[in-house]
Structures are given as structure tokens and as C-alpha cells.
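Below are the chains, spelled out letter by letter.
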Amino acid sequence: MGLLVLGLATGACLFACTRTEDKPAGPPEKITIAYSATTDAALAEVAQSRGFYREEGLEAIARVHPYGKLALEDLLAGKADFATVAETPIVFAIMKGEKISIIATIQTSEVMNAVLARKDKGVRSPGDLKGKKIAATLGTTSDFFLDALLGVHGISRKEVTIVDLKAEAMPAALAQGKVDAVSTFAPYVALTQKKLGKNVTTFRDKDIYRSTFNVITTQEFIRKNPEKVKKMLRALVKAERFVRANPAEAQKIVADFCGVELSVVRDIWADTRFAVMLDQPLLLAMEDESRWAIDNRLTRARMVPNYLQFIHIDGLKSIKPEVVRILR
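Residues numbered from 1 in each chain as written. Predicted model: local features only at pLDDT ≥ 70, side-chain atom pairs only at ≥ 80, totals over all residues. Heavy atoms only, no water.

*Asks:* Any details on the packing of aromatic side chains? Residues and values, ideally.
*Replies:* Each pair of aromatic rings is reported with the distance of its centres and the angle of its planes. Going through the model one piece at a time under the given rule, you end up with 11 aromatic pairs. Ring geometry for F144 and W292: centres 5.1 Å apart, planes at 80 degrees, overall edge-to-face. Of this pair, F144 sits in helix 6 (residues 141-152) while W292 sits in helix 13 (residues 280-295), and the two are 148 residues apart along the sequence. In this pair, the class of F144 matches that of W292, namely buried. Ring geometry for W269 and F274: centres 4.5 Å apart, planes at 45 degrees, overall tilted. Each member of the pair, W269 as well as F274, carries the same accessibility label: buried. Three or more aromatic residues joined by ring pairs make a cluster, and in this case those are F92, F144, F145, Y209 and W292. (Phe/Tyr/Trp six-rings, centres within 6.5 Å; stacked < 30°, edge-to-face > 60°. Helix = DSSP H or I, 4+ residues; strand = E, 2+ residues; numbered from the N terminus. Buried < 20%, exposed > 50% of the residue type's maximum accessible area, 1.4 Å probe, protein only.)

If you want it as C-alpha cells, here you go:
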């Protein structure tokens, strides 16, 4: 572990200037992380598989879920200390009064979400979605992206039939003709395409939505465990460096963690940015999604929250200040 060397260091940084504290002595502290078993959580998954949490003095216990909303529910139920989740479920949780905070964004993409439709149902262009039965996982990015895509093409939410469906059930539901289209996210986009083959049309729009995947915890946990939060962040920064330097190995780690074919992960990789950061577009996206939820009466809240109160800036700023780009 190099404890002696680290103990003698006086401000010098052994790990690309992200190291600000000595490695802790003694046994690792236990934490539980609720994971989304998707490529979005790649940095957290790599940190787990490569032992970066342990290097930072944490023993990370994994609780794995098909997607982020379920990981968030684990956190809210007190079954996990951290969760990996997209911003849309976070927005809904905060608007319900949950006291949670984002400690870092670990992935962003403009093409992670898509609407996929059956060609034999007459859907060849986005305008053909009008009047169709479309599955979405309500309260997730698939729900918001569907509305955004429909709106761009002049279709209101009332002009389609939206079916709430778990993301992992969508490929089979579309293949069996239970719905005409699905709105989903990676890796379920690729799995759906593979299942339907030539009978599927895929609609993406990189100009209407940037998805983010984030690491969150409760505000109480941050108050009681500020050093654990910093250790978590340092492990994620190590994972980011590893992913950048070893993309092929990282892809294999993520494929194994998520239980998907390596080819699926490779296809997604090029369109995804894996980086630890906190930026202003995250704040703006959450505000925009809040207004969408209010306008469509998807929440009882009637005011957009002050999301600065739900983003923990100080932790990442103490580790890697140059990636914190949120105006206070």
C-alpha cells in the first residue's frame, strides 16, 4: 500500500495530482453501493473490479440492479450508502422531498437514449408515432426523452398511449408486439435492435437531450461521513484514468459486470464520455426536467427546487477542483 512513503509525503501528489490525503491505516471501512448494471456506471464498476475503493480504504459491497431508478430506491430504503443513477429519477425523488445529493457525474452522452419502433406497425419516421402504444420506464430518462422526441415532432403526450414497463422487459415486449414502440436507454437499445433485426426503426436526436449518470448519497451520510465521500471520489478518479488508458480492458470489465456481450459495450463506448465532474448543464437539465414534470402533472410539486442544495460540490472540489464547473 506504500503507507510509509505516503506518510512522509508533504503535499506531493503520487497519483496525477488527485491525491490530497495519505492512505488510511487500519482495516477498510465498509460501504454499500447500489449499482445500475449498465454501461452508464462504468467508472463505478471499474473502481469496484480493479480494487480502487479498497486502495482508498473502503470495502465496497455491491448491490446490482438492472437500471438506476432501482438503485436509487435501494438508497432511499436505507439499503445502500451510494447509488449510481441518471438525473431524471433524482429529480423526481427531490421533488418528493428526499434529502439526497449528487457527489459527481461519472458519464454523459447525447445518444444513450432512443425510441425504437416496429416497422410493420407503420412507423418509419418519428411523426408516425402519433396514436401508437409506446413503452417507457416512467420516472427515468426514457420517459423524459420520449416526451422530448414527441414534442420536437409536434406530438403531445396525450396523442400516444404510454405504457410503464421495466427496461429489461422492453426488448421482448416489442418483439412480441405488445407495444408498437419503446423508449429506452443503453444497453437495452442495442438488445432491442438485436432482437428485432430488420423490423426495427431507431430514433435518436443528439440535439434534444444530454443524459448524465451520477453517484448520489443522502445528505445525512455526507454530514456524518465526509471522508468516506472523498475516498469514494478518489477511487472514481482512479477509475477514470484507468478507463482512458485501458479502454479494451475496461470494456471487458463492464461487460462482465453487466452480464452483456462485449460487442454491445464496444458499440456504446465511442458515443459516451466517462469522466468525473460536476458541471452547469447538469443543473440546467434538472431544472428543465422539473418544469416538464410539473407541466405534465407527473409530480405533486409545483415549484422547481433549488438544485444547488442537492449537489455536493465541496467533496469533488477538494479532490479535483478543475472539473467542478457549477456557478453558485
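*Asks:* Go over the sheet that holds strand 4 (residues 100-109) with me, naming the residues and quoting the values.
*Replies:* Across the sheet, which stays open at both edges, the 5 strands sit in the order 2-1-3-10-4 with mixed pairing between neighbours. The open sheet terminates on both sides in strands that have one partner only, identified here as strand 2 (58-65) and strand 4. Strand-to-strand twist across the sheet, computed as the mean angle between neighbouring axes with direction ignored, equals 25 degrees. Looking at chain direction, strand 1 (residues 29-36) and strand 3 (residues 82-86) are connected through 2 bridges and run parallel. Opposite I33, over in strand 3, you have F82 as the bridge partner. Along the sheet, helix 10 (residues 226-245) makes contact with strand 1, strand 2, strand 3, strand 4 and strand 10 (211-218), crossing strand 1 at roughly 55 degrees. (Pairing = 2+ DSSP bridges. Axes fitted to C-alpha atoms, helices over the stretch in contact; angles between N-to-C directions. Contact = heavy atoms within 4.5 Å.)

*Asks:* Any chance you could break down the environment of K30 for me, citing the residues and the numbers?
*Replies:* With respect to the element layout, K30 can be found in strand 1. For the pair K30 and L58, spaced 28 residues apart in the sequence, the C-alpha separation amounts to 5.8 Å.

*Asks:* Summarise the packing of helix 6 against helix 13; cite the residues concerned and give the values.
*Replies:* Where helix 6 meets helix 13, the closest approach of the two axes is 11 Å, and the angle between their N-to-C directions is 75 degrees. As far as their axial angle goes, helix 13 and helix 6 are roughly perpendicular. Of helix 13, the residues touching helix 6 (which contributes D143, F144 and D147) are D288, E289 and W292. (Parallel < 35°, antiparallel > 145°, perpendicular 65-115°, else oblique.)

*Asks:* Requested: an account of the pattern of salt bridges, with residues and values cited.
*Replies:* In total, this model carries 17 salt bridges according to the counting rule given. The closest approach of N and O atoms between R50 and E249, which form a salt bridge, is 3.1 Å. One end of the pair, R50, is in the loop between helix 2 (42-49) and helix 3 (52-55); the other, E249, is in helix 11 (residues 247-258), and 199 residues separate them in sequence. Measuring nitrogen to oxygen at the nearest pair gives 3.9 Å for the salt bridge that ties K320 to E240. With K320 in the loop between helix 14 (313-319) and strand 12 (324-325) and E240 in helix 10, this residue pair connects regions lying 80 residues apart in the sequence. In terms of burial, K320 and E240 fall into one category: buried. (Salt bridge = Lys/Arg side-chain N within 4 Å of Asp/Glu carboxyl O.)

*Asks:* Run through the environment of G154, naming residues and quoting values.
*Replies:* Mapping G154 onto the fold places it in the loop between helix 6 and strand 7 (161-164). Owing to a relative accessible area of 62%, G154 belongs among the exposed residues under this scheme. Distance in space between the C-alpha atoms of G154 and P126 is 9.6 Å, their sequence separation being 28 residues.

*Asks:* Which residues make up the nonpolar core, and what values go with them?
*Replies:* One finds Y53, L129 and M232 to be the most contacted residues of the largest nonpolar core, which totals 88 residues. Sorting elements by how many residues they give to this core places helix 10 first, with 9 residues. For Y53, the contacting residues outside a window of four places in its chain are I33, Y35, A44, A47, Q48, L58, A60, M232, A235 and L236. Core analysis: the next-biggest nonpolar cluster, separate from the first, contains 11 residues, A173, V182, L196 and V200 among them. (Core = buried A, V, L, I, M, F, W, Y, C linked by side-chain atoms within 4.5 Å.)

*Asks:* Can you lay out the sheet that holds strand 7 for me, pointing to particular residues and giving the numbers?
*Replies:* The strand order across the open sheet built from 5 strands is 7-6-8-5-9, with neighbouring strands paired in mixed fashion. Each having just a single partner strand, strand 7 and strand 9 (200-203) make up the two edges of the open sheet. Looking at each pair of strands side by side, their axes are set apart by 25 degrees on average, direction ignored. Sheet topology note: the strand 6 (residues 133-136)/strand 7 ladder contains 4 bridges and is parallel. Looking at strand 7, one finds that A135 is bridged to V163. Relative to strand 5 (residues 113-118), helix 6 is tilted by about 70 degrees, and along the sheet it contacts strand 5, strand 6, strand 7, strand 8 (181-185) and strand 9.

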